[in-house]
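Structure assessment
The primary structure of each chain is shown beneath.
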Amino acid sequence: MSINKLAPAFLVALLLNACSTTEGQFPSLERRPYESNAPVSVPETASDVALELPQQLQTKVDSLIRRHAAAQDDFQRKLPAVQALASRAAGSAPGTESWVNAHLQLSRLDQSRADSIAVVREFDSLIAEQGKADSTLVPLLSKAQQPVSEMIAEQNAEIDRLSRLIGE
């Protein structure tokens, strides 16, 4: 027989020998005490997670939400006019009056949401600060920031759509 045919059998014998104990017995497959006495379970309530923000921090969050709401209202108020201008400028040559006017209004629409973007940055700073001081507040701050971030993503998508409609 060739060595290539004997090698797998030798390898199996070597592995089986490595599994035995020094007395020549295999380890027991019975449950160990730690496997059956105390099953692992998820705690019912996480005591290390804050249920609400401290008043001072809640006041700051409320202020940020109001600033975002004002910027969002401004964006929504300007949006229909910009959509109409973009539709009229669609397909027009770059540099024409309708094209320039549509881009100018789109730029103003983009600027109207600047405070919302600043609010997200301030939330990011609060979250970073709290992560260092009291990380149990981070999930609450993230939850408060999430709707603002989602609205900004929607605004970004609409501005991109209008920009493509107007053309470059």
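Everything here concerns the structure above.
First things first, this report covers the structure right here in the doc. Keep in mind the model is a prediction, meaning the values are calculated, not measured.

Definitions and cut-offs
Residues numbered from 1 in each chain as written. Predicted model: local features only at pLDDT ≥ 70, side-chain atom pairs only at ≥ 80, totals over all residues. Heavy atoms only, no water. Core = buried A, V, L, I, M, F, W, Y, C linked by side-chain atoms within 4.5 Å. Buried < 20%, exposed > 50% of the residue type's maximum accessible area, 1.4 Å probe, protein only. Helix = DSSP H or I, 4+ residues; strand = E, 2+ residues; numbered from the N terminus. Contact = heavy atoms within 4.5 Å. Salt bridge = Lys/Arg side-chain N within 4 Å of Asp/Glu carboxyl O. Axes fitted to C-alpha atoms, helices over the stretch in contact; angles between N-to-C directions. Parallel < 35°, antiparallel > 145°, perpendicular 65-115°, else oblique. Nonpolar A, V, L, I, M, F, W, Y, C, P; charged D, E, K, R; others polar. Left-handed = near helix turned anticlockwise from the far one by under 90°. Expected span 1.5 Å × (residues − 1). Arc of directions from axis to C-beta.

Let's shift gears to the nonpolar core. Membership of the largest hydrophobic core comes to 14 residues, with the highest contact counts inside it found for L53, L57, V61, F123, L141 and V148. Looking at which element gives the most residues to this core, the answer is helix α5 (residues 114-133), with five residues. Setting aside residues no more than four positions away along its own chain, L141 makes contact with L53, L57, V61, F123, L126, I127 and Q130. By size, the runner-up hydrophobic cluster in this structure holds 13 residues, among which are L79, V82, A89 and W99.

With that settled, the discussion passes to the pattern of salt bridges. Across all of its chains, the model carries seven salt bridges by this definition. Residue R77 is joined to D74 by a salt bridge in which the shortest nitrogen-to-oxygen separation is 2.7 Å. Separated by three residues within a single helix, R77 and D74 lie in helix α3 (residues 55-89), roughly one turn from each other. Three or more residues joined by partner-sharing salt bridges are found here, namely K60, R67, D115 and E122.

Right, let's get into the packing of helix α4 (residues 97-112) against helix α6 (residues 138-166). For the pair α4 and α6, the least separation of the axes is 10 Å and the interaxial angle reads 170 degrees. When the axes of α4 and α6 are compared, the pair comes out roughly antiparallel. Here α4 contributes W99, A102, H103, L106, L109 and D110 to the contact with α6, which in turn contributes I159, L162, S163 and I166. Partitioned by chemical class, the residues of the contact of α4 with α6 number seven nonpolar, two polar and one charged.

Quick look at the packing of α3 against α5 now. Closest axis-to-axis distance for the α3/α5 pair is 8 Å, and the angle between their directions is 160 degrees. Classified by the angle between their axes, α3 and α5 sit roughly antiparallel to one another. Of the two possible hands of crossing, α3 and α5 adopt the one that is left-handed. Contacts from L57, K60, V61, L64, I65, R67, H68, A71 and Q72 of α3 reach α5 at D115, S116, A118, V119, E122, F123, L126 and Q130. In the contact of α3 with α5, the residues fall into nine nonpolar, four polar and four charged.

Moving on, we come to α4. Taking 1.5 Å as the rise per residue, α4 with 16 residues should run 22 Å; its terminal C-alpha atoms sit 23 Å apart, in good agreement. Of all the positions in α4, only W99, A102, L106, L109 and S112 are classed as buried. Around the axis of α4, the buried residues are gathered within 140 degrees of arc, so they sit on the same side. When the buried face of α4 is taken as reference, the exposed residues oriented beyond 90 degrees from it are E97 and Q111.

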